[in-house]
Amino acid sequence: MNSLIDKYNIPGPRYTSYPTVPYWDETTFSPEKWKETVIRSFHESNAEEGISIYIHLPFCEALCTFCACHKRITKQHSVEIPYLESVLKEWKLYLALFEERPKLKELHLGGGTPTFFSPKNLKTLLEGIFETIDIAEHPEFSFEGHPNNTTRDHLQTLYDLGFRRVSFGVQDYDPKVQKAINRIQPFDNVKNVTEWAKEIGYSGISHDLVFGLPHQTWDAMEHTIRKTMELKPDRLAFYSYAHVPWVKGVGQRGFDENDLPSGEEKRRLYEDGKKLLQDLGYIEVGMDHFSLEHDDLYQSLIHKKLHRNFMGYTSSNTQLMVGLGMSAISDSWYAFAQNVKTVEEYQKMVEQGEIPVVKGHILNEEDLTVRRHILNLMCQLETTFNDKNSFPELENAFEMLEEMERDELVEIYDNQIKITEKGRAFTRNVAMVFDLRMMRNKPETRIFSMTI
């Protein structure tokens, strides 16, 4: 395995989309074209599965130095109401595009720190959206909660509004690691919010763990996993730390690269962590995710209904996802669009009656085909070809796949590629083989985190 790590540990995307953001072609994109694809996708999908909404709530009271998300650090809670008013105004701009009442299937509050906002203000925001929509059958509403500031009132308020899933960011319980990433978070805080969520009735509680953090050792990782098992969340995200300090504003300057585990050490954290999780009853679902057998993420996997988008893995496969808020990304299947990345510019554009997109990508026929194959690999660990010769440039892909087959990472059939159990750790590498846009324009500098 070590030789495979050396061979395949290269920078690569996580493939929450294809094309990936660095390869969006902005020369063919415009806000008007974006709106056209939104209208098209809404008409094609709203009556059936409904739509998804992602709301980006960017404020945090402190900077966690492992975080690569778009956020705004402040302790001034006076920012809450003006920001949420802007989100509701943006939503009304999208409503104006639709000729019928939307049906909401999936809703996620991400950040930043959604629980930075008071329960009262979150209720005002959500009720403002709910009065304009219908709720689909079996909706999936989820939010990210910071264990240090999520209150029982937060959990109860959101539960009463239909939320049944909550994800708590744990990362690691080791004090040295927590100090390095500026995330001091006692186990008792996580225990309290998890138990409150269970008592209130949440059916999907998830904990996020991260391997590859500065000063992290296997002893620390094992301790974190075993402490997590005392609380038995329904689902776990076991993420590889993405070290991208060159990205503006991410704040990954709180430690030296020499403090990070080596590629071999990091792979051991993953392999041993994965084995321990499986020994404790968790099943690997997709990439980085584990769940208990009763969880609907696992049920979606076995019924081949697992989906992946900018919110990560989900059991809801909606064609249209509207992203609201500063830096939020939307997906109409036929196009992607990202909002402006500062709160001030976001609020200004919304006030002027403009959907606040700053960049995006219109997918061509080739993009749509490649996207489907990469999505299949990321969600089902396999993909099927009607015609391998559809795109001549995929010939190179099959040459690389043959090498991966010799390394026992994939199995190749006449019209099908399957990722093996051994190859699951290299899922990103397999998907990269099909990334024609990256193959044509390989980056001269690092723009992605390492795959391992």
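Residues numbered from 1 in each chain as written. Predicted model: local features only at pLDDT ≥ 70, side-chain atom pairs only at ≥ 80, totals over all residues. Heavy atoms only, no water.

- The chain carries the name Coproporphyrinogen-III oxidase in an unreviewed UniProt entry, which gives Chryseobacterium carnipullorum as its organism.
- The chain has a UniProt comment under Subcellular location (unreviewed entry) that states "Cytoplasm".
- Comment text from UniProt for the chain, heading Pathway (unreviewed entry), reads "Porphyrin-containing compound metabolism; protoporphyrin-IX biosynthesis; protoporphyrinogen-IX from coproporphyrinogen-III (AdoMet route): step 1/1." (UniProt positions renumbered as here; feature names shortened; annotations may be inferred.)

Overview of the domain arrangement of the chain
Piece 1. By domain assignment, the chain separates into domain 1 (21-362) and domain 2 (365-440).
Piece 2. For domain 1 and domain 2, the distance between their C-alpha centres works out to 27 Å.
Piece 3. Between domain 1 and domain 2, the residue contacts involve 23 residues of the former and 15 residues of the latter.
Piece 4. Considering only the side of domain 1, the residues that lose the most area to domain 2 are Tyr23, Met287 and Trp333, jointly responsible for 36% of the buried surface there.
Piece 5. Where domain 1 touches domain 2, the interface holds four salt bridges.
Piece 6. Lys274 is paired through a salt bridge with Glu421; the nearest N and O atoms lie 3.6 Å apart.
Piece 7. The tally of links between domain 1 and domain 2 comes to six residue pairs in polar contact (both at pLDDT 80 or more).
Piece 8. Among the secondary structure elements, those contributing two or more residues to the side of domain 1 that touches domain 2 are helix 9 (263-279), strand 9 (283-285), strand 11 (307-309) and strand 16 (357-362).
Piece 9. In terms of residue count, the dominant contributor to the side of domain 1 that touches domain 2 is helix 9 (four residues). (Domains from an automatic or database assignment. Contact = heavy atoms within 4.5 Å. Buried area = accessible area lost by both parts, 1.4 Å probe. Salt bridge = Lys/Arg side-chain N within 4 Å of Asp/Glu carboxyl O. Polar contact = N/O pair within 3.5 Å; in protein donor to acceptor, adjacent residues only side chain to side chain. Helix = DSSP H or I, 4+ residues; strand = E, 2+ residues; numbered from the N terminus.)

A closer look at the packing of helix 8 (residues 218-231) against helix 9
Piece 1. Helix 9 packs onto helix 8 with a crossing angle of 25° between their chain directions and a minimal axis gap of 10 Å. On the basis of their axis angle, the class for helix 8 and helix 9 is roughly parallel. The handedness of the crossing between helix 8 and helix 9 is right-handed. Side by side, helix 8 and helix 9 meet where Trp218, Met221, Glu222, Ile225, Arg226 and Met229 of the first sit next to Arg268, Leu269, Asp272, Gly273, Leu276 and Leu277 of the second.
Piece 2. Residues of the contact of helix 8 with helix 9, tallied by class, amount to seven nonpolar, one polar and four charged. (Axes fitted to C-alpha atoms, helices over the stretch in contact; angles between N-to-C directions. Parallel < 35°, antiparallel > 145°, perpendicular 65-115°, else oblique. Left-handed = near helix turned anticlockwise from the far one by under 90°. Nonpolar A, V, L, I, M, F, W, Y, C, P; charged D, E, K, R; others polar.)

Re the pattern of salt bridges
Piece 1. Within this structure, the stated rule accounts for 27 salt bridges.
Piece 2. The salt bridge partner of Glu44 is Arg40, with a shortest N-O separation of 3.1 Å. Note that Glu44 and Arg40 are positioned in helix 2 (residues 31-45) at a spacing of four residues, about one turn of the helix.
Piece 3. Judged by its relative accessible area of 36%, Glu44 falls in the partly exposed class.
Piece 4. With relative accessibility at 44%, the residue Arg40 sits in the partly exposed group.
Piece 5. Each of Arg165, Arg235, Asp295 and Asp296 takes part in one network of salt bridges that share partners. (Buried < 20%, exposed > 50% of the residue type's maximum accessible area, 1.4 Å probe, protein only.)

Points about the packing of helix 7 (residues 187-200) against helix 8
A pair of packed helices is characterised by two quantities: the angle between their axes and the separation of those axes.
Piece 1. Between helix 7 and helix 8, whose axes approach to 10 Å, the crossing angle comes to 30°. Taken together, helix 7 and helix 8 sit at an angle that is classed as roughly parallel. Like other packed secondary-structure pairs, helix 7 and helix 8 cross with a definite hand, here right-handed. Residues Phe187, Val190, Lys191, Thr194 and Lys198 of helix 7 form the contact with helix 8, whose participating residues are Lys227, Glu230 and Leu231.

Description of the sheet that holds strand 17 (residues 382-384)
Piece 1. Across the sheet, which stays open at both edges, the three strands sit in the order 17-19-18 with antiparallel pairing between neighbours. The sheet is open, and its two borders are formed by strand 17 and strand 18 (410-412), each paired with just one other strand. Taken over all neighbouring pairs, the strand axes of this sheet differ in orientation by 10° on average, direction set aside.
Piece 2. One ladder, built from three bridges, connects strand 17 with strand 19 (residues 416-419); its direction is antiparallel. Opposite Thr383, over in strand 19, you have Ile417 as the bridge partner.
Piece 3. Docked against the sheet, helix 12 (residues 365-380) engages strand 17 and strand 19, running at close to 145° with respect to strand 17. (Pairing = 2+ DSSP bridges.)

With respect to the UniProt feature "binding site: S-adenosyl-L-methionine 1" (unreviewed entry) in the chain
Piece 1. Mapped onto the present numbering, the UniProt feature "binding site: S-adenosyl-L-methionine 1" (unreviewed entry) falls on Tyr54, Gly111, Glu144 and Ile329.
Piece 2. If you trace the backbone, Tyr54 turns up in strand 1 (residues 51-57).
Piece 3. Residue Tyr54 is classed as buried on the basis of its relative accessible area, which comes to 14%.
Piece 4. Residue contacts for Tyr54: discarding those within four places in its chain leaves His108, Gly110, Gly111, Met311, Met321, Val322, Gly323, Leu324 and Ala328.
Piece 5. Structurally, the position occupied by Glu144 is in strand 5 (residues 134-145).
Piece 6. Dropping the residues within four chain positions of it, Glu144 is found in contact with His108, Leu109, Gly110, Gly111, Pro114, Thr115 and Ser167.
Piece 7. Polar side-chain contacts of Glu144 include one of 2.9 Å to the side chain of His108.

Some details on helix 4 (residues 119-130)
Each α-helix turn comprises 3.6 residues. Residues three or four places apart therefore point the same way.
Piece 1. Under the 1.5 Å per step criterion, the end-to-end length of helix 4 is 16 Å for 12 residues, consistent within 8% with the ideal 16 Å.
Piece 2. Along helix 4, the residues that are buried comprise Pro119, Asn121, Leu122, Leu125, Leu126, Gly128, Ile129 and Phe130.
Piece 3. Considering only its buried residues, helix 4 is in contact with strand 1, helix 3 (80-95), strand 4 (103-111), strand 5, helix 5 (152-160) and strand 13 (321-324). (Expected span 1.5 Å × (residues − 1).)

What to know about the side chain of Glu106
Piece 1. Among the secondary structure elements, Glu106 is positioned in strand 4.
Piece 2. There is a polar contact of 2.8 Å between the side chain of Glu106 and the side chain of Ser52.
Piece 3. Ignoring anything within four residues of it in the chain, the contact list for Glu106 reads Ile51, Ser52, Ile53, Glu140, Phe141, Asn309, Met311, Thr314, Ser316 and Thr318.

Points about the nonpolar core
It is characteristic of soluble globular proteins that their nonpolar side chains tend to be buried jointly.
Piece 1. Grouped together as the largest cluster of nonpolar side chains are 64 residues, with contacts concentrated most on Leu401 and Phe434.
Piece 2. Looking at which element gives the most residues to this core, the answer is helix 12, with seven residues.
Piece 3. Among the domains, domain 1 (21-362) and domain 2 (365-440) are the pair contributing at least three residues each to this core.
Piece 4. Listed in part, the 55 residues of the second largest apolar core include Tyr83, Tyr94, Leu158 and Val166. (Core = buried A, V, L, I, M, F, W, Y, C linked by side-chain atoms within 4.5 Å.)

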